[in-house]
Amino acid sequence: MTWEEAIKILRKRQRFCKVIAEYANETVKADELREVEALDMAISALRPVSQEWVEKVWTCLLYTSDAA
């Protein structure tokens, strides 16, 4: 499975949770909205990093290893 496919599945689940929250009682609504929030975190963790970010990390690691 690619990360694009995983994000698509998570977004589908997220929409489902939002619909349930819309029609649910307060307890279920709170649980579903927390699940939406958790899915947001999972989706953002699956997004690819930019080349700029990778370069910053490598630069930082190079300077850190030189100091050791």
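Everything that follows concerns the structure shown earlier in this document.
Let me begin by describing the structure that accompanies this report. (Residues numbered from 1 in each chain as written. Predicted model: local features only at pLDDT ≥ 70, side-chain atom pairs only at ≥ 80, totals over all residues. Heavy atoms only, no water.)

### Focus on the overall build of the protein
What counts here: Numbering of helices and strands runs from the N terminus, with a helix taken as a DSSP run of H or I at least four residues long and a strand as a DSSP run of E at least two residues long. Each residue is assigned to one of three classes by its accessible area relative to the maximum for its type, calculated with a 1.4 Å probe on protein chains only: buried under 20%, partly exposed between the two thresholds, exposed over 50%. Residue contacts are defined here by distance: any two heavy atoms, one from each residue, within 4.5 Å place the two residues in contact.
Across its full length, the protein holds three helices and zero strands. Reading the protein from its N terminus to its C terminus gives the helix and strand order α-α-α. Here the protein, with 68 residues, has 15% of them falling under the buried criterion. Considering only contacts in the protein between residues 6 or more positions apart, those separated by 24 or more positions represent 57%.

### Quick word on helix H2 (residues 26-46)
Keep this limit in mind: For a helix, the expected span equals 1.5 Å multiplied by the residue count minus one. The reported arc concerns the directions from the helix axis to the C-beta atoms and nothing else.
Helix length check: H2 (21 residues) gives 30 Å between terminal C-alpha atoms against 30 Å at 1.5 Å per residue, within 8%. Of the residues making up H2, those classed as buried are Glu32, Val36, Leu39 and Ile43. Each buried residue of H2 lies within a common arc of 65 degrees when the element is viewed along its axis, so the set occupies one face. Seen from the open side of H2, the exposed residues pointing more than 90 degrees away from its buried face are Glu26, Thr27, Arg34, Glu37, Met41 and Ala45. Of the surrounding elements, those touching the buried residues of H2 are helix H1 (3-23).

### Quick word on the nonpolar core
What counts is decided by this rule: Put simply, buried Ala, Val, Leu, Ile, Met, Phe, Trp, Tyr and Cys residues joined by side-chain atoms within 4.5 Å make one nonpolar core.
Counting residues in hydrophobic clusters, the biggest one holds six residues: Ile7, Leu10, Cys17, Val36, Leu39 and Ile43. Elements with a contribution of two residues or more to this core: H1 and H2. In contact with Val36, other than residues within four places in its own chain, are Gln14, Cys17 and Lys18.

### Structural notes on the side chain of Glu32
Using the following cut-off: Positive charge is attributed to Lys and Arg, negative charge to Asp and Glu, and no charge count is given to His or to the chain ends. Throughout this description, the term salt bridge denotes a Lys or Arg side-chain nitrogen within 4 Å of a carboxyl oxygen of Asp or Glu.
Checked against the element boundaries, Glu32 lands in helix H2. In this structure Glu32 is buried but unpaired, with Arg13 as the nearest side chain of opposite charge at 4.8 Å. Contact partners of Glu32, with chain neighbours within four places excluded, come to Cys17, Ile20 and Ala21.

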